[in-house]
Amino acid sequence: MNPPATAGVPHASVPPHPAIVPVPAFADNYIWLLSDRERRRAAVVDPGDAAPVLAALASAGLTLAAVLVTHHHADHVGGLPELRAAFPDAVVHGPAASRVEGIDRRWRAGDAFGLEGFDARFDVIEIPGHTLDHIAFFARRIGDDDLRPVLFCGDTLFAGGCGRVFEGTAAQMTASLGRLAALPHDTLVYCAHEYTTSNLRFALAVEPDNAALSERVRQTAELRAAGTPTVPSTLALERATNPFLRTDADDVRRAAQTRLGHAPADPVEVFAAVRAWKDGFR
Ligand code: ZN
Ligand code: FE
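Just so it is clear, the structure is predicted and the values come from calculations on it, not from any experiment.

Enquirer: How should the packing of helix α5 (residues 196-206) against helix α6 (residues 211-225) be read in this particular structure?
Expert: Axis angle and axis distance: for two packed helices, these are the angle between their axes and the distance between the axes, and together they describe the pair. At a closest axis distance of 10 Å, the pairing of α5 and α6 adopts a crossing angle of 160°. It follows that α5 is roughly antiparallel to α6 by the angle criterion. Relative to α6, α5 is oriented so that their crossing is left-handed. Taken together, the residues of α6 that come into contact with α5 (itself represented by Thr196, Thr197, Leu200, Ala203 and Leu204) are Leu213, Ser214, Arg216, Val217, Thr220 and Arg224. Considered class by class, the residues forming the contact of α5 with α6 number five nonpolar, four polar and two charged.

Enquirer: Looking at this model, I keep getting lost on the pairing of strand β9 (residues 135-142). Mind explaining?
Expert: Along any regular strand, the residues point their side chains to alternate faces of the sheet. Within β9, six of the eight residues are buried, leaving the element largely enclosed by the surrounding structure. With six bridges joining them, strand β8 (residues 120-126) and β9 adopt antiparallel strand pairing. Note that in β9 the partner of Asp123 across the bridge is Phe138. Relative to strand β10 (residues 150-154), β9 is paired through three bridges, and the arrangement is antiparallel. Each bridged residue has a counterpart across the sheet, and for Phe137 the counterpart in β10 is Phe152.

Enquirer: How should the pattern of salt bridges be read in this particular structure?
Expert: A side chain of one charge can pair with a side chain of the opposite charge when the charged atoms of the two come close. Under the counting rule described, the total for this entry stands at 15 salt bridges. The partner of Arg164 in a salt bridge is Asp279, with the nearest N and O atoms 3.6 Å apart. Of this pair, Arg164 sits in the loop between β12 (161-162) and α4 (170-181) while Asp279 sits in helix α9 (residues 267-279), and the two are 115 residues apart along the sequence. Residue Arg164 is classed as partly exposed on the basis of its relative accessible area, which comes to 36%. Assessed through its relative accessible area of 28%, Asp279 is described here as partly exposed. What emerges from the salt-bridge pattern is a single network uniting Arg37, Asp144 and Asp145.

Enquirer: Help me understand the packing of aromatic side chains, please; the structure alone is not making it clear to me.
Expert: Given two aromatic rings, their pairing is described by the distance between the two centres and the angle made by the two planes. Scanning the model with the defined rule gives 13 aromatic pairs in all. Taking the centre distance of 4.7 Å and the plane angle of 75° together, the rings of Trp32 and Tyr190 count as edge-to-face. A residue pair is termed long-range when its members are at least 10 positions apart, and Trp32 in strand β2 (residues 29-35) and Tyr190 in strand β13 (residues 188-191) qualify at 158 residues. This pair shows no difference in class: Trp32 is buried, exactly as Tyr190 is.

Enquirer: I tried to follow the coordination of the iron ion (ligand 2) on my own but got confused; where do I start?
Expert: A four-donor tetrahedral metal ideally has 109.5 degree angles, and a six-donor octahedral metal ideally has angles of 90 or 180 degrees. Protein coordination of the iron ion (ligand 2) is provided by Asp75 (OD), His76 (NE2), Asp155 (OD) and His193 (NE2), with donor distances spanning 2.1 to 2.3 Å. Geometry at the iron ion (ligand 2) is irregular, judged from the four donor atoms that bind it and their angles of 85 to 165° at the metal. Sequence spacing among the residues donating to the iron ion (ligand 2) works out to D-H-x78-D-x37-H. Here the iron ion (ligand 2) and the zinc ion (ligand 1) are spaced 3.4 Å apart, and both take Asp155 as a donor. By relative accessible area, which is 22% here, Asp75 ends up partly exposed.

Enquirer: Looking at this model, I keep getting lost on α6. Mind explaining?
Expert: It helps to recall that an α-helix has 3.6 residues per turn; residues three or four apart then point in one direction. Taking 1.5 Å per residue, 15 residues should reach 21 Å; α6 reaches 21 Å between its end C-alpha atoms and fits that length. Taken together, the buried positions of α6 are Ala212, Leu213, Arg216, Gln219, Thr220 and Leu223. Angular distribution of buried residues about the axis of α6 spans 125°; they occupy a single face of the element. Projecting away from the buried face of α6 at angles above 90 degrees are the exposed residues Ala211, Glu222 and Ala225. Each element contacted by the buried residues of α6 is listed here: α5, β14 (233-234) and α7 (235-241).

Enquirer: For this particular structure, what's the right way to read the environment of Gly143?
Expert: Structurally, the position occupied by Gly143 is in the loop between β9 and β10. Between the C-alpha atom of Gly143 and that of Arg121, which follows or precedes it by 22 residues, the distance is 9.8 Å.

Enquirer: Help me out: how do you make sense of the coordination of the zinc ion (ligand 1) in this one?
Expert: The coordination sphere of the zinc ion (ligand 1), as far as protein atoms go, consists of His71 (NE2), His73 (ND1), His130 (NE2) and Asp155 (OD), spread over 2.2 to 2.3 Å. Viewed at the metal, the four donor atoms of the zinc ion (ligand 1) are separated by angles of 89 to 165°, and the geometry they form is irregular. We note that the donor set of the zinc ion (ligand 1) lies within a single chain, spaced as H-x1-H-x56-H-x24-D.

Enquirer: Looking at this model, I keep getting lost on the nonpolar core. Mind explaining?
Expert: One broad rule of soluble globular proteins: the nonpolar side chains tend to lie buried together. The biggest cluster of nonpolar side chains holds 55 residues, and the ones touching the most others in it are Leu34, Leu115, Phe122, Ile142, Phe152 and Leu180. The greatest single-element share of this core, amounting to six residues, is contributed by β9. With sequence-adjacent residues up to four places away left out, Phe122 is seen in contact with Leu68, Asp111, Ala112, Phe113, Leu115, Phe137, Phe138, Ala139, Ile142 and Phe152. Among the nonpolar cores identified, the runner-up in size contains 21 residues, and Ala25, Val69, Val77 and Leu83 belong to it.

So, how was this worked out
Residues numbered from 1 in each chain as written. Chains lettered and ligands numbered in written order. Predicted model: local features only at pLDDT ≥ 70, side-chain atom pairs only at ≥ 80, totals over all residues. Heavy atoms only, no water. Axes fitted to C-alpha atoms, helices over the stretch in contact; angles between N-to-C directions. Helix = DSSP H or I, 4+ residues; strand = E, 2+ residues; numbered from the N terminus. Parallel < 35°, antiparallel > 145°, perpendicular 65-115°, else oblique. Left-handed = near helix turned anticlockwise from the far one by under 90°. Contact = heavy atoms within 4.5 Å. Nonpolar A, V, L, I, M, F, W, Y, C, P; charged D, E, K, R; others polar. Buried < 20%, exposed > 50% of the residue type's maximum accessible area, 1.4 Å probe, protein only. Pairing = 2+ DSSP bridges. Salt bridge = Lys/Arg side-chain N within 4 Å of Asp/Glu carboxyl O. Phe/Tyr/Trp six-rings, centres within 6.5 Å; stacked < 30°, edge-to-face > 60°. Donors = N, O, S within 2.8 Å, 3.2 Å for Na, K, Ca; no water. Tetrahedral: all angles 85-135°; square planar, octahedral: opposite > 155°, others 65-115°. Expected span 1.5 Å × (residues − 1). Arc of directions from axis to C-beta. Core = buried A, V, L, I, M, F, W, Y, C linked by side-chain atoms within 4.5 Å.

In short, shape yes, function no, at least from these values alone.
Here is the structure:
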């Protein structure tokens, strides 16, 4: 039996999935690299840069079998042409609604597909807001060494925060985050950036009395001091500490009300107020 998130503080140091490792790129991107049990085939998520992926594949002796793309931003797709040239047989999965070139299989909400070379099936979840083409990939499990569900959510849900709303509306982003929040509590949340420390600094401004959040801030500082990624997190941890998944929490509503100068009408208005606050938060 799993205790509710409020019964104890979910630990910020989440044991990562054994088949998934980060390939750091640029200043703060993570390109997630999956490998099969025999360590022969690989898949990568959001390869913004080919060079670090090619180096990681070469050093592990892996062949690229598949690529997952969550949305069109260059820091997520910039490496595609070079990876396709190096591995012409790799299958690139991405959003149906995307203008990105070089996507072989274009998926929409409700679609599901098996990942080449892996014991895994991904459900496609449309999550517009950060961009209009943004999708997430959700697997009930990957292989059978670890039975936890896995979510690749790009720049929509971050550890302790969420992406900026560049192309969509606050209503779209609220609905998209709601779709992700409805996934199982033990889902491993693999987002595409290491933004956790600054996200949590903001979260604490929104909810200074959230004990789970204070504990997460402490644990996150320890992880970062040791050079350890704070990703993956879990949905339980996000629901307990991420203000953008807590638009129905009293303290988050109150914080939004203070910013707005009136009582927010609904969760969308709470989300919009908190997101606007974060956009200007330093
Ligand atoms: Zn982005
Ligand atoms: Fe990004």
